[in-house]
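The chain contents come next:
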Number of protein chains: 2
Amino acid sequence: MKVYLAGPEVFLPNAREVLDRKIDLTRRYGFTPVAPGDLEVPATDTKRAKGFAISSINERLMTSADMIIANLTPFRGVAADVGTAFELGFMCARGCPAYAFSNTASNHFERVSRLYAGRILGDSQDRPRGPDGLAVEDFDMVDNLMLDGGIEARGGVVVTREVEAGRLFEDHRAFEECLRIATTRFLR
Amino acid sequence: MKVYLAGPEVFLPNAREVLDRKIDLTRRYGFTPVAPGDLEVPATDTKRAKGFAISSINERLMTSADMIIANLTPFRGVAADVGTAFELGFMCARGCPAYAFSNTASNHFERVSRLYAGRILGDSQDRPRGPDGLAVEDFDMVDNLMLDGGIEARGGVVVTREVEAGRLFEDHRAFEECLRIATTRFLR
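Here the structure is a predicted model, which means the values were calculated and not measured.

Trainee: Quick rundown of the interface of chain B and chain A? Include the residues and the values.
Mentor: Between chain B and chain A, the residue contacts involve 56 residues of the former and 56 residues of the latter. Here chain B and chain A share an interface that buries about 4,600 Å² over both sides, 66% of which is from carbon and sulfur atoms. A per-residue breakdown of the area chain B buries against chain A is headed by Arg76(B), Phe86(B) and Met146(B), which together make up 18% of the total. The tally of links from chain B across to chain A stands at 4 salt bridges. In this structure, Lys47(A) engages Asp138(B) in a salt bridge whose closest nitrogen and oxygen atoms are separated by 3.0 Å. At the boundary of chain B and chain A, one finds 14 residue pairs in polar contact (both at pLDDT 80 or more). Across the side of chain B that touches chain A, the residue classes break down as 29 nonpolar, 10 polar and 17 charged.

Trainee: Outline the pairing of strand β1 (residues 2–6) of chain B, supporting the account with residue identities and numerical values.
Mentor: All names here are of chain B. Counted residue by residue, β1 has 4 buried out of 5 residues, so it is predominantly covered. Relative to strand β2 (residues 32–34), β1 runs parallel, the two being bridged by 3 bridges. For Tyr4, the partnering residue across the bridge sits in β2 and is Val34. Tracing the backbone out of β1, into helix α1 (residues 15–28) and back to the parallel element β2 gives a crossover that is right-handed. Two elements, β1 and strand β3 (residues 67–71), share 4 bridges in a ladder whose sense is parallel.

Trainee: So what about the sheet that holds β3(B)? Which residues, and what values?
Mentor: Residues and elements named next belong to chain B. One open sheet holds the 5 strands; their spatial order is β2-β1-β3-β4-β7, and the pairing between them is parallel. The sheet is open, and its two borders are formed by β2 and β7 (158–160), each paired with just one other strand. With direction set aside, neighbouring strand axes in the sheet form an average angle of 20°. Across 3 bridges, strand β4 (residues 98–102) lies against β7 in parallel orientation. Residue pairing in the sheet places Phe101 in a bridge with Val159 of β7. Of the strands in this sheet, β1, β2, β3 and β4 are in contact with α1, which crosses β1 at around 150°. Along the sheet face, helix α3 (residues 82–93) touches β1, β3 and β4 and points at about 160° away from the line of β3.

Trainee: Hey, could you go over the state of the cysteines for me, with residue numbers and the actual values?
Mentor: Summed over the entire model, instances satisfying the criterion amount to 0 disulfides over all chains. Left unpaired, Cys92(A) is separated from the closest cysteine sulfur, that of Cys96(A), by 8.5 Å. Judged by its relative accessible area of 1%, Cys92(A) is buried. Cys178(B) takes part in no disulfide bond, and the closest cysteine sulfur, belonging to Cys92(B), lies 13 Å away.

Trainee: I'd love a proper account of the packing of helix α3 (residues 82–93) of chain A against α3(B), names of residues and values included.
Mentor: Viewed as axis vectors pointing N to C, α3(A) and α3(B) meet at an angle of 40°, and their least axial separation amounts to 6 Å. Judged by the inter-axis angle, α3(A) sits oblique to α3(B). Note on packing geometry: the crossing formed by α3(A) with α3(B) is right-handed. In this structure, α3(A) uses Val82(A), Ala85(A), Phe86(A), Leu88(A), Gly89(A), Phe90(A), Cys92(A) and Ala93(A) to contact α3(B), whose residues at the interface are Val82(B), Ala85(B), Phe86(B), Leu88(B), Gly89(B), Phe90(B), Cys92(B) and Ala93(B). Broken down by class, the residue content of the contact of α3(A) with α3(B) amounts to 14 nonpolar, 2 polar and no charged.

Criteria and thresholds
- Residues numbered from 1 in each chain as written.
- Chains lettered and ligands numbered in written order.
- Predicted model: local features only at pLDDT ≥ 70, side-chain atom pairs only at ≥ 80, totals over all residues.
- Heavy atoms only, no water.
- Contact = heavy atoms within 4.5 Å.
- Buried area = accessible area lost by both parts, 1.4 Å probe.
- Salt bridge = Lys/Arg side-chain N within 4 Å of Asp/Glu carboxyl O.
- Polar contact = N/O pair within 3.5 Å; in protein donor to acceptor, adjacent residues only side chain to side chain.
- Nonpolar A, V, L, I, M, F, W, Y, C, P; charged D, E, K, R; others polar.
- Buried < 20%, exposed > 50% of the residue type's maximum accessible area, 1.4 Å probe, protein only.
- Helix = DSSP H or I, 4+ residues; strand = E, 2+ residues; numbered from the N terminus.
- Pairing = 2+ DSSP bridges.
- Right-handed = clockwise from strand over helix to strand, strands pointing away.
- Axes fitted to C-alpha atoms, helices over the stretch in contact; angles between N-to-C directions.
- Disulfide = S-S within 2.5 Å.
- Parallel < 35°, antiparallel > 145°, perpendicular 65-115°, else oblique.
- Left-handed = near helix turned anticlockwise from the far one by under 90°.

Put into structure tokens, the structure is as follows:
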């Protein structure tokens with residue numbers, strides 16, 4: 001069973017090392033890892049052509065995979081990396097089992113509340129909103145309901161764990177827990 | 001042809017009004033609009049159950065649609081709304097034509113550079129990185145390459161336009177331009 005390893009680890013200075021560690025762990029649990037960056041990007045003339053080439057490779061890798069484990073740890077803000085969210089949606093539409101983890105224990109509502117410095121008020125329908133008027137999802141979910149919902153609908157779970165600040169993308173325990181849970185479902 | 005209208009407009013204080021305007025415009029261009037919030041959410045016991053119910057309705061609406069127009073205007077930070085990114089990936093995996101717009105003219109690289117207060121340095125391979133070491137995608141793209149790439153691969157485009165700050169989610173000209181472009185491709 002091939003598992004696509006989605007997440008913003010590709011942006012890390014030590015991306016290769018961190019991805020290799022995840023690849024190694026995935027194999028140990030009996031799955032075949034498929035990770036962005038596995039294939040070589042062909043030479044291109046423009047920046048855009050290079051971006052498209054990488055996108056095309058990643059889509060091909062996803063299409064070859066049977067399952068996804070997505071890293072939803074907040075990236076440059078309060079929410080998951082949008083590339084990872086795209087990939088999660090992609091694999092959900094393909095009907096693949098989806099798992100995810102986040103290396104922070106705070107849920108979506110808590111993080112957005114912090115962004116608004118706690119200034120959340122209920123509107124006339126008691127729906128929580130920030131001072132900018134934008135509704136704040138309050139569904140006991142790790143991120144936007146499409147992400148948590150897509151995973152749940154495909155029998156997966158989102159594992160969360162508070163880790164050391166300096167090891168946000170290098171603590172693999174929540175990722176490993178996803179592998180372990182998937183093992184009980186798909187392998188013996 | 002049914003068009004799924006993805007975007008963070010659902011969070012606005014005047015969400016219904018803004019969505020109705022987009023629905024109306026979509027019809028005027030000869031398409032059938034499908035928007036999150038079109039169906040009633042059944043009563044549920046818990047917050048999570050409610051979130052799952054909404055996710056399930058939105059997935060059903062997407063599955064009924066033939067095309068997506070996604071609003072990638074940055075939401076609570078430098079990137080698109082992750083729910084919208086999930087939905088874009090979902091529709092791309094279904095092989096549907098995908099269009100998007102953003103009501104800011106700045107691209108991904110410019111926005112992340114601003115987030116890092118301009119402190120971007122090239123690494124040993126001349127790849128731009130922020131002071132936190134994270135690579136900054138520099139592909140002349142509106143957002144993460146999976147989003148721009150997924151749209152391009154399905155014959156779509158991303159329309160950008162700088163709008164008045166106060167009308168970030170109420171200026172529909174870039175959205176309308178997506179409709180117009182899709183019309184030339186699918187309708188006569």
